[in-house]
Amino acid sequence: MNYRSLQGGEAVSFETAVRRGLAPDNGLYFPTDIPQLPASFFEKITNLSKEEIGFEVIRPFLAPEIDDSSLLQIVTETLCFDFPLVPLDENTAVLELFHGPTLAFKDVGARFMSRCLAYFNKKQTSVHNTVLVATSGDTGGAVADGFLDVSGIEVAILYPEGKVSDIQERQLTTLGRNVKAFAVAGSFDDCQAMVKRAFLDSDFENLGLTSANSINVARWLPQMMYYFLAYAAVKNKNQNLAICVPSGNFGNICAGLIAKKMGLPIAHFIAATNVNDTVPRYMQTKELDPKPTIPTISNAMDVSIPSNFVRVLELFPGDTLAQLFSAVAFTDAETKVAMRDLYDTFGYVADPHGAVGYLGLRAFQKTHPDYYGIFLETAHPIKFPDVVEETLELKLNYPSSVQKLLDLEKKFERISTYADLKAKLLH
Ligand SMILES: *Cc1c(COP(=O)(O)O)cnc(C)c1O
């Protein structure tokens, strides 16, 4: 499979797309072709293991550059935790994506991408990369964990100081070794702008900069795997299915939409956002009109310029999108009511992001009561202990992976301008 820039540049190999992150013309890479899965695959999907499903759906995007046995190994290590589909009532289930090492769905993309780069670096030991990544909260930890000690890779993580939770900050500042953290005086969009600028800056040429944000195809594409796992776990496959994805940069939902394009029988996708509602407004007006980013309790979705939305529009251009996709925004007050509702009605403890997903699904089911709905729980509630404990009036237990972070020292450097970042990285 080759990858072309959405700005129109020439197509490149998967390895080149992964090493570059963003195309030289500043466009996002996109597969030149969307493979179609045969009906027989969906007929047998219930009997396949998660590794078999993951391998089969991702293989056309990487063959022949990564050989089958190496790819199976990469998929197996990526999917080394559970993806339970937990039923709440007869028409609703939650797909839990937080059972990985850093307790958010971003572990999937980060683990997959780091292993792909390690595979390519083994073949070309002279090549080095610096992974530069902006995080709104969860990417940083997942990337730090996924890339720790991968040879030939240096990692630099930019996060908005004071706008990520304590545990999120610990996950990305305490590992050290080849992982450096930079606390930026600004918002996630400011961090993302610095990363994008660095990619276009010829002074960075020798560092082999790449991105581990979902703009990188190796971070974005593997997320499709768990949409197939969810479908495999659904009992009544004859019902209309809808999936609601709490969305920020729109990488996760875009992975679901590519799965649909490959043949996954999900009838409708709902993007649920917080008040950073650029896409819900776009669906009304057909105009992208980003406003300044507003901090919310679902901080990993505090994004007003969602990078991956151009990929969504590429997959389903013009009026085709509105037939299978809708977008809806919710306030923090509504999110807290949903957290309470989930807890009081089902005894389910959701984090604020999952609660936004639940709201989006319920809004859709109001007008489409015949749909079986799944919403994604994208992070473990313990990553947001203050708001969860206060809203639900309970005390959360720390899993051991979090407990041990509490004793480690946070190590980071403060920066406020692009020039600061340059000085630190080029020292
Ligand atoms: C990153 C993140 C999101 C948003 O995902 P996108 O792919 O950026 O849309 C939602 N929830 C959590 C917990 C996240 O970490």
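Since we're looking at a predicted model, the values are computed, not measured.

Trainee: An account of the site of the ligand is needed here, citing residue identities and associated values.
Mentor: Contacts to the ligand come from 15 residues, most closely from Lys106, Asp138, Gly248, Asn249 and Thr378. Phe250 has a polar backbone atom sitting 2.8 Å from an oxygen atom of the ligand. Here a nitrogen atom of the ligand and a side-chain polar atom of Thr378 are 2.8 Å apart. About the coverage of the ligand: the protein hides 98% of its 380 Å² of free accessible area. In terms of residue class, the shell around the ligand is made up of six nonpolar, seven polar and two charged.

Trainee: Provide a residue-level description of the nonpolar core, including the pertinent values.
Mentor: Formed by 100 residues in total, the largest nonpolar core has its most connected members in Phe14, Met224, Tyr226, Tyr227, Phe228 and Phe325. Beyond its immediate sequence surroundings of up to four residues, Tyr226 is in contact with Phe83, Leu95, Leu97, Phe105, Val108, Asn252 and Leu376. Counting 35 residues, the second largest nonpolar core, distinct from the first, contains Leu103, Phe375, Ala379 and Ile382.

Trainee: Can you break down helix H7 (residues 166-173) residue by residue, with the values?
Mentor: With respect to burial, H7 is a largely interior element, seven of its eight residues being buried. Here the buried face of H7 lies against helix H6 (138-147), strand E6 (153-160), strand E7 (179-184), helix H17 (385-392) and helix H18 (400-403).

Trainee: Please give an account of the packing of helix H5 (residues 106-123) against H6 that cites residues and values.
Mentor: Orientation of H5 relative to H6, taken along the N-to-C sense of each, is 35°, at an axis distance of 8 Å. Viewed along their axes, H5 and H6 form a crossing whose handedness is right-handed. Side by side, H5 and H6 meet where Lys106, Asp107, Ala110, Arg111, Met113, Ser114, Arg115 and Leu117 of the first sit next to Asp138, Thr139, Ala142, Val143, Asp145, Gly146 and Phe147 of the second. Class assignment for the residues of the contact of H5 with H6 results in six nonpolar, three polar and six charged.

Trainee: Explain the sheet that holds strand E8 (residues 209-211) to me, and be specific about the residues and the numbers.
Mentor: Taking strand neighbours across the sheet as the criterion, the five strands line up as E8-E5-E6-E7-E13 in an open arrangement whose pairing is parallel. Because the sheet does not close on itself, it has two edges, and the strands there are E8 and strand E13 (413-415). Sheet twist, expressed as the average angle between the axes of neighbouring strands with direction ignored, equals 30°. Relative to E6, H7 is tilted by about 160°, and along the sheet it contacts E6 and E7.

Trainee: Report on the environment of Met113, specifying residues and quantitative values.
Mentor: Tracing the backbone shows Met113 in helix H5. Distance from Met113 to Asp82, taken between C-alpha atoms, is 19 Å for residues 31 residues apart in sequence. The residues contacting Met113, other than those within four sequence positions of it, are Val18, Phe147, Thr210, Ser211, Ala212, Asn216, Ala218 and Arg219.

Trainee: Could you give me a rundown of the sheet that holds strand E12 (residues 372-377), with the residues and numbers involved?
Mentor: Strand order in the open sheet formed by six strands is E3-E4-E12-E9-E10-E11, and the pairing between neighbours is mixed. Lying at the two open borders of the sheet, with one neighbouring strand each, are strand E3 (85-89) and strand E11 (325-329). When the angles between neighbouring strand axes are averaged without regard to direction, this sheet yields 25°. Lying over the sheet, helix H12 (residues 278-285) contacts strand E10 (268-273) and E11, oriented at roughly 125° with respect to E11.

Trainee: Can you lay out the side chain of Gln192 for me, pointing to particular residues and giving the numbers?
Mentor: Along the chain, Gln192 turns up in helix H8 (residues 188-199). What makes Gln192 buried here is its relative accessible area of 6%. Side chain to side chain, Gln192 and Asn249 meet in a polar contact 3.1 Å long. Not counting residues up to four positions away in its chain, the partners in contact with Gln192 are Ala134, Asn249, Ile305 and Ser307.

Trainee: Before we move on, can you summarise the packing of helix H15 (residues 332-346) against H17 with the specific residues and values?
Mentor: The contact between H15 and H17 brings their axes to 10 Å, and the two run at 65°. You can see that H15 and H17 cross each other, and the crossing is right-handed. From H15, Lys336, Met339, Arg340 and Tyr343 reach across to H17, where they touch Val387, Val388, Glu390, Thr391 and Leu392. In terms of residue class, the contact of H15 with H17 is made up of five nonpolar, one polar and three charged.

Trainee: Describe the packing of aromatic side chains, and please don't skip the residues or the numbers.
Mentor: This structure, assessed with the given rule, holds 18 aromatic pairs. Measuring from ring centre to ring centre gives 5.8 Å for Phe250 and Phe309, while their planes differ by 80°; the resulting arrangement is edge-to-face. With a gap of 59 residues between them, Phe250 in the loop between strand E9 (241-246) and helix H11 (251-261) and Phe309 in helix H13 (residues 309-315) connect regions that are remote in the sequence. In this structure, Phe250 and Phe309 share a single accessibility class: buried. Between the aromatic rings of Phe309 and Phe325, the centroid separation amounts to 6.4 Å while the plane-to-plane angle is 40°, which identifies the pairing as tilted. Of this pair, Phe309 sits in helix H13 while Phe325 sits in strand E11; the two residues are 16 residues apart in sequence, bridging distant segments of the chain.

Cut-off values and rules
- Residues numbered from 1 in each chain as written.
- Predicted model: local features only at pLDDT ≥ 70, side-chain atom pairs only at ≥ 80, totals over all residues.
- Heavy atoms only, no water.
- Near = heavy atom within 4 Å.
- Polar contact = N/O pair within 3.5 Å; in protein donor to acceptor, adjacent residues only side chain to side chain.
- Areas by Shrake-Rupley, 256 points an atom, 1.4 Å probe, with all protein chains shown as cover.
- Nonpolar A, V, L, I, M, F, W, Y, C, P; charged D, E, K, R; others polar.
- Core = buried A, V, L, I, M, F, W, Y, C linked by side-chain atoms within 4.5 Å.
- Buried < 20%, exposed > 50% of the residue type's maximum accessible area, 1.4 Å probe, protein only.
- Contact = heavy atoms within 4.5 Å.
- Helix = DSSP H or I, 4+ residues; strand = E, 2+ residues; numbered from the N terminus.
- Axes fitted to C-alpha atoms, helices over the stretch in contact; angles between N-to-C directions.
- Left-handed = near helix turned anticlockwise from the far one by under 90°.
- Pairing = 2+ DSSP bridges.
- Phe/Tyr/Trp six-rings, centres within 6.5 Å; stacked < 30°, edge-to-face > 60°.

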